[in-house]
Amino acid sequence: MHMCATCGCEGDGGPVVTLPHQHPQEHSHPHEHEHAHAHEHEHPHEHPHEVVTLEQKVLAKNDLLAERNRGWLAGRGISAFNMMSSPGAGKTTLLERTIRALVESRPIAVIEGDQETLLDANRIEAAGSAVVQINTGSGCHLDADMVRRALDTLDPVAGSLLFIENVGNLVCPALFDLGEEGKVVLISVTEGDDKPLKYPHMFAAADLVVVNKIDLLPYVDFDMNVFAQHAKSINPQIELIPTSATTGDGLEDWFRWIDDHARINR
């Protein structure tokens, strides 16, 4: 699967890390890491084997940085969950409900990924969580270096739950380890029950699928049993939780999953 050659990650302008209510500024102070994509994108004159080699280098460099993130988080007892979905599946609404339900019992921090705007970060902050925004520009996924820089700015409290809301996309985010504790894929019933077959890499990588907007099941052509069969044909170990972030149905099951997978409860 080609990454940056086809996904829109090429282009001018790197990621911008911003706290809500601040004017976006390029994150410019020196870091130990370089951006994993800085000089490793395909150019039109390159041959296919060169593209594959470049992509392997990008992923290898990202994986190294992800392991450093994982060690940094583990040393502080922070459990990070990488939230991935198509645009509009309901990630931000689910996080708002989650923050309001759990923030009194434990510290919560959010890294918010979008190509542009601070709109979702402002919603997360209003729900009661510490949050930092990564605007990726033309990039369609977060990577481990972006998360490292966001952690520098966010500085989450030891023992926190950290939710990383990835850019809305079911392709490239599946390939990039961020150092997270678990990968969560959110889909809505309006997207169709064939999603696992169309995006197998995402469902193969996921630990959990949250099937959102179940309040709309009477109005859409979506078979939960068929969806579950497709998902488990890709990943037999995957867990599924049906929810409605709007009505609250299924959210207690989601909260229990977080408790079961959070480092602070081990």
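Please refer to the structure higher up on the page.
Per chain, residues are indexed from 1 in the order of the written sequence. Local features in a predicted model are, by the rule used here, given only for residues with pLDDT of at least 70; side-chain atom pairs are given and counted only at 80 or more, and totals for whole chains, interfaces and linings are based on all residues. Heavy atoms from the whole structure form the basis of all side-chain values; hydrogens and water molecules are not counted.

Attention now moves to the overall build of the protein chain. Across its full length, the protein chain carries eight helices and eight strands. Counting all 266 residues of the protein chain, 52% fall into the buried class. A contact between two residues is defined here by any heavy atoms of the two lying within 4.5 Å. Put simply, of all contacts in the protein chain between residues at least 6 apart along the chain, 74% involve residues at least 24 apart. Split by element, the accessible area of the protein chain, about 11,800 Å² in all, is 50% carbon and sulfur. Counting from the N terminus, the helices are the DSSP runs of H or I reaching at least four residues and the strands are the DSSP runs of E reaching at least two. Residue burial is assigned from relative accessible area. The probe radius is 1.4 Å, only protein chains are included, and a residue is buried under 20% of its type maximum, exposed over 50%, and partly exposed in between. The Shrake-Rupley method, run with a 1.4 Å probe sphere, supplies the accessible areas, and residue values consider only the shown protein chains as cover.

At Asp 155, a position not held by glycine, the phi torsion is positive, near 50°. Structurally, Asp 155 can be placed in the loop between α4 (144–154) and β5 (161–165). A residue is classified by how much of its surface remains accessible, and Asp 155, at 54% relative accessible area, is exposed. If you check the backbone angles, Lys 213 has positive phi at about 65° while not being a glycine.

In this structure, Leu 94, Val 110, Leu 161, Phe 163, Trp 254, Trp 257 and Ile 258 are the most contacted members of the largest nonpolar core, which totals 27 residues. Where this core is concerned, the elements lending two or more residues are β2 (79–85), α2 (91–102), β3 (108–114), α3 (119–127), β5, β6 (182–188), β7 (208–212) and α8 (251–261). Ranked by residues supplied to this core, first place goes to α8 with five residues. Contacts of Val 110, omitting those with residues within four sequence positions, involve Leu 95, Ile 99, Ile 124, Ser 129, Ala 130, Val 131, Val 132, Leu 154, Leu 162 and Phe 163. Here, nonpolar core means buried Ala, Val, Leu, Ile, Met, Phe, Trp, Tyr and Cys residues that are tied together by side-chain atoms lying within 4.5 Å of each other. Ranked by size, the runner-up nonpolar core spans 19 residues in total, among them Val 17, Ala 80, Ala 109 and Val 132.

Honestly, that's just the spatial picture; any functional story needs more than this.
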